Every structure is written in C-alpha cells, then in structure tokens.
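Chains, contacts and geometry: an overview
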Amino acid sequence: MKSNDPWRAHLDELFGCRRCPEVAGTPVSGAVRDAQIILVGQAPGPREQEARRPFAYTAGRRLFEWFTSIGAEEERFRESVYIAAVARCFPGRAPTGGDRPPSRIEIANCAVHLDRELALLVPELVIAVGGLAGKEVAGSGDLATMVGPLHRCNRAGVAFDAVVLPHPSGRSTWLNVPGNREKLGNALSAIATHRAFRRAFGPRV
Ligand code: SF4
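Here the structure is a predicted model, which is why all the values come from computation and not from measurement.

Surveying the vicinity of the ligand reveals the residues C17, R18, R19, C20, P27, R88, C89, N109, C110 and H113. Split into classes, the residues belonging to the shell around the ligand amount to 5 nonpolar, 2 polar and 3 charged.

Spatially, β2-β1-β3-β5-β4 is the arrangement adopted by the 5 strands of the open sheet, whose pairing is mixed. At either margin of the open sheet sits one strand with a lone partner, and together these are β2 (82-85) and β4 (151-155). Here the average twist between neighbouring strands, direction ignored, is 35°. Where strand β1 (residues 37-41) and strand β3 (residues 125-129) come together, 4 bridges link them in parallel fashion.

Burial runs high along β3: 5 of the 5 residues are buried. Covered by surrounding structure in β3 are L125, I127 and V129 together with V126 and A128, the residues of both alternating faces.

Within the structure shown, the criterion is met by 14 salt bridges. Across the pair E74 and R53 runs a salt bridge whose closest N-O atoms are separated by 3.5 Å. You can see E74 sitting in helix α4 (residues 74-80) and its partner R53 sitting in the loop between α2 (46-51) and α3 (58-69), a full 21 residues away along the chain. Overall, the relative accessible area of 26% leaves E74 in the partly exposed class. Of the charged contacts in the structure, one is a salt bridge between R199 and E124, with a shortest N-O distance of 2.3 Å. With R199 in helix α9 (residues 195-201) and E124 in the loop between α5 (104-121) and β3, this residue pair connects regions lying 75 residues apart in the sequence. When salt bridges with common partners are traced through the structure, they connect R53, E74, E75 and R78 into a single cluster.

Along helix α6 (residues 131-138), the residues that are buried comprise A133, G134 and V137. End-on, the buried residues of α6 take up no more than an arc of 100°, which puts them together on one face. Close packing links the buried residues of α6 with β1, β3, α7 (143-146), β4 and β5 (158-165). Directly after α6, the chain includes G139, whose backbone phi takes a positive value near 90°.

The topology assignment puts Q49 in helix α2. Separated by 3.2 Å, the side chain of Q49 and the backbone nitrogen of T26 make a polar contact. If we ignore the near neighbours within four places in the chain, the residues touching Q49 are G25, T26, V28 and F90.

Moving on to the packing of aromatic side chains. Considering all chains together, one arrives at 6 aromatic pairs under this definition. When the centroid spacing of 6.1 Å and the interplanar angle of 85° are considered together, the rings of W7 and Y82 count as edge-to-face. Residue W7 is located in helix α1 (residues 6-15), and its partner Y82 is located in strand β2; the two are separated by 75 residues in the primary sequence. We note that W7, like Y82, is buried.

Here we come to the nonpolar core. Among the nonpolar cores identified, the biggest contains 54 residues, and L39, F67, F77, I127, L165 and I191 are the most heavily contacted of them. In contact with L39, other than residues within four places in its own chain, are F55, L63, F67, F77, V81, Y82, I83, A84, I127 and V129.

What follows deals with the side chain of S29. For S29, the location among the structural elements is in the loop between α1 and β1. There is a polar contact of 3.3 Å between the side chain of S29 and the backbone oxygen of I83. Side chain to side chain, S29 and R88 meet in a polar contact 2.9 Å long.

So, about the packing of α1 against α5. Relative to each other, α1 and α5 sit at 165°, their axes nearing to 11 Å. Taken together, the axis directions place α1 and α5 in an arrangement best described as roughly antiparallel. Seen along the crossing, α1 lies across α5 with a hand that is left-handed. Two secondary-structure elements touch here, α1 through P6, W7, H10, E13 and L14 and α5 through H113, R116, E117, L120 and L121. Residue composition of the contact of α1 with α5, grouped by class: 5 nonpolar, 2 polar and 3 charged.

Thresholds applied
Residues numbered from 1 in each chain as written. Predicted model: local features only at pLDDT ≥ 70, side-chain atom pairs only at ≥ 80, totals over all residues. Heavy atoms only, no water. Near = heavy atom within 4 Å. Nonpolar A, V, L, I, M, F, W, Y, C, P; charged D, E, K, R; others polar. Pairing = 2+ DSSP bridges. Helix = DSSP H or I, 4+ residues; strand = E, 2+ residues; numbered from the N terminus. Axes fitted to C-alpha atoms, helices over the stretch in contact; angles between N-to-C directions. Buried < 20%, exposed > 50% of the residue type's maximum accessible area, 1.4 Å probe, protein only. Salt bridge = Lys/Arg side-chain N within 4 Å of Asp/Glu carboxyl O. Arc of directions from axis to C-beta. Contact = heavy atoms within 4.5 Å. Polar contact = N/O pair within 3.5 Å; in protein donor to acceptor, adjacent residues only side chain to side chain. Phe/Tyr/Trp six-rings, centres within 6.5 Å; stacked < 30°, edge-to-face > 60°. Core = buried A, V, L, I, M, F, W, Y, C linked by side-chain atoms within 4.5 Å. Parallel < 35°, antiparallel > 145°, perpendicular 65-115°, else oblique. Left-handed = near helix turned anticlockwise from the far one by under 90°.

Here it is in structure tokens:
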C-alpha cells in the first residue's frame, strides 16, 4: 500500500524500482531527508552495489578528497547531501571492459526519481558529477564548457543553482588536459562559496 507520507512514498518508489531489465543491480542512493543540496552521479559500480552506498570505492575517495579540500569531510557530506544519480542501479560491465554507462532509456526511466527528489527537496544547489550527470542537470554541452561556472537551472518546476564536476574515476583522463584542473578549482570554489554549502558546512577555513 502506498504511504501517505511523501518522503516514505518516494523511498518505497525508488528502492522498489525494477523498471530497467538490463541493469545488473538494484537501486543505490544516499537519501537524506530535508537536504538542501543534491549530488547527482552517473551510476553505481559493483562495489557501490555491494556496499549499498554511492561512491564507496576509488572514485569516491577522489571525490571526497575534493570535498574535504573545501571543508566537507566524507561522513558529514553523506549526512548532509542527498546523493542521487542519473541511473541508480549498477548497469553491469561493458563488453570492452569497465562499467557499462547507463543507456538513454535507463536514464530516461530513472529521471522520474530525480524529478521527484527535486520537487520534494527543492534544493538550492545541485552538484553534477561527470558528463552524463552534467547534461541531465545543466543541459547540453561538454565537460569543458560545463565545469567551472555556476549554472542557473530549472527542472521539474524547481529553480536551482548547479555546479558540474568531472567524474573522479581513475579511468577518466579529463583532468590531464591542460587548463582542466583550473576549471575543477573554479567549480569547487563555486560550491564552497554557495550559500547552501556554507550553511551546511560552515565557512571555508
Ligand atoms: S536504473 Fe533507475 S529506473 Fe532503472 S531500475 Fe534502477 S532505479 Fe529503476
């Protein structure tokens, strides 16, 4: 029976979702009630699937190093920020090696969860991690143009600020391109100085 509590109903809907027949896992998300910041990743990997925790392995280590550098250490971040993704289930392995990126259909299927989260939480700030998440949140464009500035976005009837970060996976070579580390620094500064981030984590020390 569907719960009358919108938050409970959302969690039931999200974690009970089995809409995509090709994925290898079941939904993983870091659901934080009343969060004013949402982070949108790409999709869990096998370690995240096993641990039932987003960004639980090497990509997470790098991501949380970035957030720690602006005053938000991992556990506090996880307690304060709702961690979503463009696809919540581990898509499985790609035939060429590595994790398969979620398909367009899987992203479209999973968008209903993100829309519901935006409408429920009405976040002031959304942090998108990686190109697929950047497109979902901040619209079209490649990482080189999306990473760095603060974007003003509107989705599911909710207006919010967004910052795009590169994917922290060790397989990504984006940060090796000249100029891209500076863009990452600009994006982290945009997060660190945002009012929602400062409220959640205090001024940068
Ligand atoms: S990827 Fe999203 S839409 Fe697809 S089964 Fe998992 S939770 Fe449901």
